[in-house]
Protein chains: 2
Amino acid sequence: MAAFHPLAASRVRISPLLPAAAMGAGAAAASASYAHHRRRFCAIVATAAASPAVATEFDFRAYMGEQAAAVNRALDASIPADEPPAALHEAMRYALLAGGKRVRPALCLAACAVVGGREAWAMPAAAAVEMVHTMSLVHDDLPCMDDDDLRRGKPTCHVVYGEPIAVLTGDALLSLSFHHMAKVDSYPPDIDADKHPARVVRAIGELARCIGSEGLVAGQVVDLEMTGSTETVPLDRLEYIHLHKTAALLEASVVIGAILGGGSDEQIERLRKYARSIGLLFQVVDDILDVTKSSEELGKTAGKDLASDKTTYPKLLGLEKSREFAEKLLSDAREQLSGFDQEKAAPLLHLANYIAYRQN
Amino acid sequence: MAAFHPLAASRVRISPLLPAAAMGAGAAAASASYAHHRRRFCAIVATAAASPAVATEFDFRAYMGEQAAAVNRALDASIPADEPPAALHEAMRYALLAGGKRVRPALCLAACAVVGGREAWAMPAAAAVEMVHTMSLVHDDLPCMDDDDLRRGKPTCHVVYGEPIAVLTGDALLSLSFHHMAKVDSYPPDIDADKHPARVVRAIGELARCIGSEGLVAGQVVDLEMTGSTETVPLDRLEYIHLHKTAALLEASVVIGAILGGGSDEQIERLRKYARSIGLLFQVVDDILDVTKSSEELGKTAGKDLASDKTTYPKLLGLEKSREFAEKLLSDAREQLSGFDQEKAAPLLHLANYIAYRQN
């Protein structure tokens, strides 16, 4: 069976959302490469190839496998299996080690590397962003919130451990993320001892900001408000939700990696723009997948947005225009990477493609 | 009506929990001062006078009023009233500005001062510990947890704003606490720019550690497990709950203040011991108040522990022995302060007395 992917049915053209005059050479080149992508989109899903020149030298599947394994080791080591309180540690480990794709940690590590840092310098942050992501899933899935029973193909935390433990598991994961980033022994000995504390403080500030009333939580609050409403959500409100609920943590993941890698302010801001584009892209693709894929393929309840009459990009713009919007966001993201060493930027380039072309 | 206080009916004697040989001169002096306290315990509640020599020079009521006002200003400024998402900010402000006693911030500021720091250096942390405390109250009050309708004399957050917003308010306050501590512009310009980042990282690590599976959350998990059980909780388990649920954050408040004030490791560890004693003291007194005061006096549901057959110190030890235990803890706490400049230590000394002799 040929896999369907969100951008597969789009025509090759400049998105109407992006004025032609604003398109630089990099974006135009990126746009041309879509034809290549579409011709082989089944393969893309597996390897998420970027432009052909880089694609031949970079095995994205192997890269992601290695990164996920390293992150999983860090996550596994961060929560003791046998120490009390056993119920809490078990629930934390259940939620955290449920086998997510580790996209956020991968972004964090790749951003550290693209500015010239060693990936190990960002590993505590990579683990931290996954802890924050998992916390938001555990709390959003609660009966009083989105009331979801299935997550990553498994029963949700409150289904297995009960509601009180699920609330507390989220709280514990959130605080653990900061503890993990602040602990000196989370970091390898070759960090720059003079500059490191200031970088960690700045990185913790970025992480904290993306969670609360400027990030994840704000997005969830507005999302809940909209879900209860009978009105169609206007596009700017939908974008607010996604920029906060999804893009903010992806942005923080990239920016924190760049900070800990010792990136310059200019590099950090370029990577921030890259991250904002892929953040919104992530959600547009999520919306498209929800209407086009089965629960089994997604590992979570499919068609839920439609069933709950939730406003999504496909509902507001139609499927075709949603795909065009996704293309434009991918193009924007790639443009921000053009100033970096292309070999070092390959993981971020492939991650953008992966987010655009993923199947779940 | 003469107010009752937890230590009022205790006889003056060395607690059986503390071997006489272990009592230093400082502790003996502290013990002698109890007689003074008991003679005027109504006044103590208002002014929480310490040893007579210091008491005459230190107006504890005025001190606490000033500290609370300064902390409330910092908390008020930390959450915008008019910016979206309005529902979230309103709920955060409702929970945070409900007029608590601000004991934890006061401890944080006093610990900063006792090691020679300016209180302003610790103000972001003082605000942060109150945010964390409020978060734990909001989540612990949830219907799926302790199901409390009344807190600080007002309807709890979920009663006013609903359960989903209450969960998210807690999450937002938790992340805000770290954001507030990490933001450079939280701090006054006279901080030591070279040493400050390392101090902030260390302080954030202390704060994060006291929340999750080594602190507040662990205490709440074991507390919930015990509440469901028909067995009487053994003393060591009760102490585990209180050391985690109550003492951990009080300890962090003190330690963080000392770190940001530039305290030496030796000073920090002495203050940590002081904080552990008053942390447990705080809970022992809380248990005593629950069985001896009305809901109106407490500003929260009284007799709840008894009604729910919850294990408390009075239940395990009896009221008299609970008071003796409280005396011993107070004495231990005062002993740790003996090495500091006594004028600078006056607030911490009075705070310990206040925790022992408070009425709600």
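Residues numbered from 1 in each chain as written. Chains lettered and ligands numbered in written order. Predicted model: local features only at pLDDT ≥ 70, side-chain atom pairs only at ≥ 80, totals over all residues. Heavy atoms only, no water.

J.: Give me the lowdown on the packing of aromatic side chains, citing residues and values where you can.
T.: Counting across every chain of the model gives eleven aromatic pairs over all chains. An angle of 40° between the planes, with centres 5.5 Å apart, marks the rings of A:Tyr313 and A:Phe325 as tilted. Of the two residues, A:Tyr313 sits in helix α16 (residues 313-317) while A:Phe325 sits in helix α17 (residues 319-336), which places them twelve residues apart along the sequence. Site record: aromatic cluster; members linked through ring pairs are A:Phe58, A:Phe60, A:Tyr63 and A:Tyr354. We note B:Arg104 situated over the ring of B:Phe282; from NZ or CZ to the ring centre the distance is 5.3 Å. Between the NZ or CZ atom of B:Arg358 and the centre of the ring of B:Phe282, over which it lies, the distance is 3.9 Å. (Phe/Tyr/Trp six-rings, centres within 6.5 Å; stacked < 30°, edge-to-face > 60°. Helix = DSSP H or I, 4+ residues; strand = E, 2+ residues; numbered from the N terminus. Lys NZ or Arg CZ within 6 Å of the ring centre and 35° of its normal.)

J.: I'd like a description of the nonpolar core, backed by residues and values.
T.: Counting residues in hydrophobic clusters, the biggest one holds 217 residues, and the most contacted among them are A:Leu207, A:Tyr274, B:Leu207 and B:Tyr274. Excluding residues that lie within four positions of it along the chain, B:Leu207 makes contacts with B:Ala128, B:Val129, B:Val132, B:Ser177, B:Phe178, B:Met181, B:Leu249 and B:Ile256. (Core = buried A, V, L, I, M, F, W, Y, C linked by side-chain atoms within 4.5 Å. Buried < 20%, exposed > 50% of the residue type's maximum accessible area, 1.4 Å probe, protein only. Contact = heavy atoms within 4.5 Å.)

J.: Hey, could you go over the relation of the copies chain B and chain A for me, with residue numbers and the actual values?
T.: Each of the two chain copies can be generated from the other by rotation about an axis followed by a shift along it. Note on the identical chains: chain B maps onto chain A by a rotation of 180° and an axial translation of 0.0 Å, with an RMSD of 0.0 Å. The operation mapping one copy onto its partner corresponds to a two-fold rotation axis. By C-alpha distance to the rotation axis, the residue of chain B lying nearest is B:Pro197, at 2.6 Å. Taken as a fraction of all interface residues of chain B, those also at the interface in chain A reach 100%, which identifies the copy contact as same-surface. (Least-squares fit on C-alpha atoms with pLDDT ≥ 70 in both.)

J.: Give a description of the interface of chain B and chain A that names residues and reports values.
T.: Between chain B and chain A, the residue contacts involve 43 residues of the former and 43 residues of the latter. Between chain B and chain A, roughly 3300 Å² of surface is buried when both sides are summed, and carbon and sulfur atoms account for 80% of that area. When the area that chain B buries against chain A is broken down by residue, the three leading residues are B:Leu168, B:His179 and B:Val201, summing to 16%. Applying the counting rule to chain B against chain A returns zero salt bridges. One can count six residue pairs in polar contact (both at pLDDT 80 or more) joining chain B with chain A. (Buried area = accessible area lost by both parts, 1.4 Å probe. Salt bridge = Lys/Arg side-chain N within 4 Å of Asp/Glu carboxyl O. Polar contact = N/O pair within 3.5 Å; in protein donor to acceptor, adjacent residues only side chain to side chain.)

J.: Explain the environment of A:Gly228 to me, using residue names and the numbers behind them.
T.: Turning to its location among the elements, A:Gly228 is positioned in helix α11 (residues 216-228). In this structure, the C-alpha to C-alpha distance between A:Gly228 and A:Leu260, residues 32 residues apart in sequence, is 41 Å.

J.: Could you give an account of helix α5 (residues 86-96) of chain A, naming the residues involved and the relevant values?
T.: Of all the eleven residues making up α5(A), eight are buried; the element is thus mostly covered by neighbouring parts of the structure. Where α5(A) is concerned, the buried positions are A:Leu88, A:His89, A:Ala91, A:Met92, A:Arg93, A:Tyr94, A:Ala95 and A:Leu96. Each element contacted by the buried residues of α5(A) is listed here: α4 (60-78), α7 (119-140), β2 (154-155), α8 (157-161) and α9 (163-182) of chain A together with α11 (216-228) of chain B.

J.: Outline the side chain of B:His139, supporting the account with residue identities and numerical values.
T.: As for its position among the elements, B:His139 is in helix α7 (residues 119-140). Within the local environment of B:His139, its side chain forms a polar contact with the backbone oxygen of B:Val167, the two atoms lying 2.8 Å apart. Residue contacts for B:His139: discarding those within four places in its chain leaves A:His139, A:Val167, A:Asp171, B:Met145, B:Ala166, B:Val167, B:Gly170 and B:Asp171.

J.: Explain the side chain of A:Thr169 residue by residue, including any values.
T.: In this fold, A:Thr169 is placed in helix α9. Dropping the residues within four chain positions of it, A:Thr169 is found in contact with A:Leu88, A:Ala91, A:Met92 and A:Cys157.

J.: Tell me about the UniProt feature "coiled-coil region" (unreviewed entry) in chain A, and please be specific about residues and values.
T.: Those places that UniProt annotates as "coiled-coil region" (unreviewed entry) correspond, in this numbering, to residues 316-343 of chain A. Overall, residues 316-343 of chain A shows 79% helix and 0% strand. The separation of its end C-alpha atoms is 38 Å. (UniProt positions renumbered as here; feature names shortened; annotations may be inferred.)

J.: Tell me about the packing of α9(A) against helix α10 (residues 196-209) of chain A, residues and numbers included.
T.: All names here are of chain A. The N-to-C vectors of α9 and α10 enclose an angle of 165°; their axes lie 10 Å apart at closest approach. In this view, α9 runs roughly antiparallel relative to α10, as classed from their interaxial angle. The handedness of the crossing between α9 and α10 comes out as right-handed. Contact residues: Ser177, Phe178, Met181 and Ala182 in α9; Val200, Ala203, Ile204, Leu207 and Ala208 in α10. Residue classes in the contact of α9 with α10 are distributed as eight nonpolar, one polar and no charged. (Axes fitted to C-alpha atoms, helices over the stretch in contact; angles between N-to-C directions. Parallel < 35°, antiparallel > 145°, perpendicular 65-115°, else oblique. Left-handed = near helix turned anticlockwise from the far one by under 90°. Nonpolar A, V, L, I, M, F, W, Y, C, P; charged D, E, K, R; others polar.)

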